[in-house]
Amino acid sequence: MPMITNSSDHAATVVSPPNEAELAGLIAESYARAAPLRVVGGGTRIRSEAIAADQTLTSRRLSGIVTYEPGALTLIARAGTPIEEIEATLAAEGQAFAFEPMDHRAVLGTKGAPTVGGMVSANVSGPRRIHAGACRDHLLGVRFVDGRGRVIRNGGRVMKNVTGLDLGKLLCGSHGTLGVLTEVALKTLPAAESQQTLAFHGTSVKEATEIFATALATPFEVSGAAFRSGTAWLRIEGLSPQVDYRCERLSALFRDREIDIVGEPDSRTLWRRLRDLHHFAGSSVPLWRILVKPSEAPAVVARLHALGGEVSLDWGGGLIWFESNADSVAIRRAAGVGQAALLGRGTLPNSNSFPPEGAAVARLSAALRRTFDPAGILNPGLMGK
């Protein structure tokens, strides 16, 4: 039987099925009654106040690593498996998730354990995205239950598997609006043996983006490019001799600038804190995630600064984090063509968490939701649903 508890969070009943069959039965029953469900994993990432439902469905009891083959660089885990458990298993074999998933607990002040299903549902990707790609690029296959209670399997456990339509790409980043993940297959990669970081102090946003563009155009495999409070950072990872060589070459490329080298283990601590936005932790001020072309970041940041607030950059300038109490309409106007999404912190009146969709995308999104969740019971109100 599913675990049912009372929760003070929106006076919702929390239901946690122990297996896929019971999960499917619960969703089928909700579909028949057109009863909305708030779908969460570990409850550490989602803006749950935007979801109009009296019952919370969590996958946290669907936990455990199904299979892990280090030689094949593949792992299959149930959706409720804590990421920390998976990362510990991978580390024991000298491997990791190359896309470096962010932990939102520090910046959002949430508790609980981030799950692999929540990571995939939100397409969570960290600073290494510019080098290794996003979470969805490492997703090999999924099992999920759609809004009618149907169990659907797509993809496989090997990188060469060809299955036609890649439903995993749809589920990854859908935030539980198309289906509830029960199992995911992911590609793993060897963890970097060593890393160093080049720190450029006293830089402007424009100078930082110029540094990023120059460094990322080299063959020296920069795996992180971030900026905060007048300092730009470039991360280099790999085997120790390779890291030393690349840092030397990059330092020579920027010989006209003063550069500090951050070595082990301080470099790892720095990037973990940048990844998890520790510089924005401990605040209730709304925090915005804005995606732009890196070349447009200086102009966008200038407009945001005019509204008042704090800014940091990641992904070589392609990701702007903006903490501000400014009006949401003004912020989205300042973002221009950038995609501005409100992270789950603070409250702004009449503000949808996700950026508005264009007409063509909105029609496609609506068609997908009608196909996978015709009664609209999965996370209603989220993503403009």
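You'll find the structure just up there.
Attention in this report is confined to the structure presented alongside it. Because the structure is predicted, anything quoted here is derived from the model rather than measured.

Turning our eyes to something else, we now look at the pairing of strand β4 (residues 55-58). The pairing of strand β2 (residues 13-16) with β4 spans three bridges and is classified as parallel. In the strand pairing of β4, valine 15 is matched with leucine 57. As paired strands, strand β3 (residues 37-40) and β4 are joined by four bridges and run parallel to one another. When the sheet's bridge partners are listed, valine 40 is paired in β4 with threonine 58.

All right, on to the sheet that holds strand β16 (residues 287-291) then. Taken in spatial order, the eight strands make up an open sheet running β15-β12-β14-β13-β17-β18-β16-β19, and their pairing is antiparallel. Every other strand in the sheet has two partners, leaving β15 (259-262) and β19 (339-342) as the edge strands with one partner each. Taking the axes of each pair of neighbouring strands and ignoring which way they run, one obtains an average angle of 20° across the sheet. Of the strand pairs in this sheet, β16 and β19 are connected by four bridges, and their pairing is antiparallel. Bridge assignment links arginine 289 to a residue of β19, and that residue is alanine 341.

A separate point is the nonpolar core. Counting residues in each nonpolar core, the largest one holds 36 residues, and the members touching the most others are Val107, Met119, Val120, Phe144, Leu181, Val184 and Trp321. Of all the secondary structure elements, the ones that give two or more residues to this core are β6 (74-78), α2 (83-91), α3 (105-108), α4 (116-121), β8 (139-146), α6 (167-171), β10 (179-187) and β18 (319-323). Counting residues in hydrophobic clusters, the runner-up holds 35 residues, among them Phe220, Leu304, Ala334 and Leu342.

Right, let's get into the packing of aromatic side chains. In total, this model carries four aromatic pairs according to the counting rule given. Arranged with centres 5.3 Å apart and planes meeting at 20°, the rings of phenylalanine 97 and phenylalanine 99 form a pair that is stacked. Judged on exposure class, the residue phenylalanine 97 and its partner phenylalanine 99 are both buried. If you follow arginine 129 out to its NZ or CZ, it ends over the ring of tryptophan 315, 4.8 Å from the centre. Positioned above the aromatic ring of tryptophan 271, the side-chain terminus of arginine 235 is 4.7 Å from the ring centre.

Before going further, it helps to examine the sheet that holds strand β9 (residues 151-155). The sheet built from five strands is open, its strands ordered β5-β6-β10-β8-β9 with antiparallel pairing. Lying at the two open borders of the sheet, with one neighbouring strand each, are β5 (65-69) and β9. With direction set aside, neighbouring strand axes in the sheet form an average angle of 15°. Relative to β9, β8 runs antiparallel, the two sharing five bridges. Along β9, the bridge assignment pairs glycine 141 with glycine 155.

How each quantity is defined
Residues numbered from 1 in each chain as written. Predicted model: local features only at pLDDT ≥ 70, side-chain atom pairs only at ≥ 80, totals over all residues. Heavy atoms only, no water. Pairing = 2+ DSSP bridges. Helix = DSSP H or I, 4+ residues; strand = E, 2+ residues; numbered from the N terminus. Axes fitted to C-alpha atoms, helices over the stretch in contact; angles between N-to-C directions. Core = buried A, V, L, I, M, F, W, Y, C linked by side-chain atoms within 4.5 Å. Buried < 20%, exposed > 50% of the residue type's maximum accessible area, 1.4 Å probe, protein only. Phe/Tyr/Trp six-rings, centres within 6.5 Å; stacked < 30°, edge-to-face > 60°. Lys NZ or Arg CZ within 6 Å of the ring centre and 35° of its normal.

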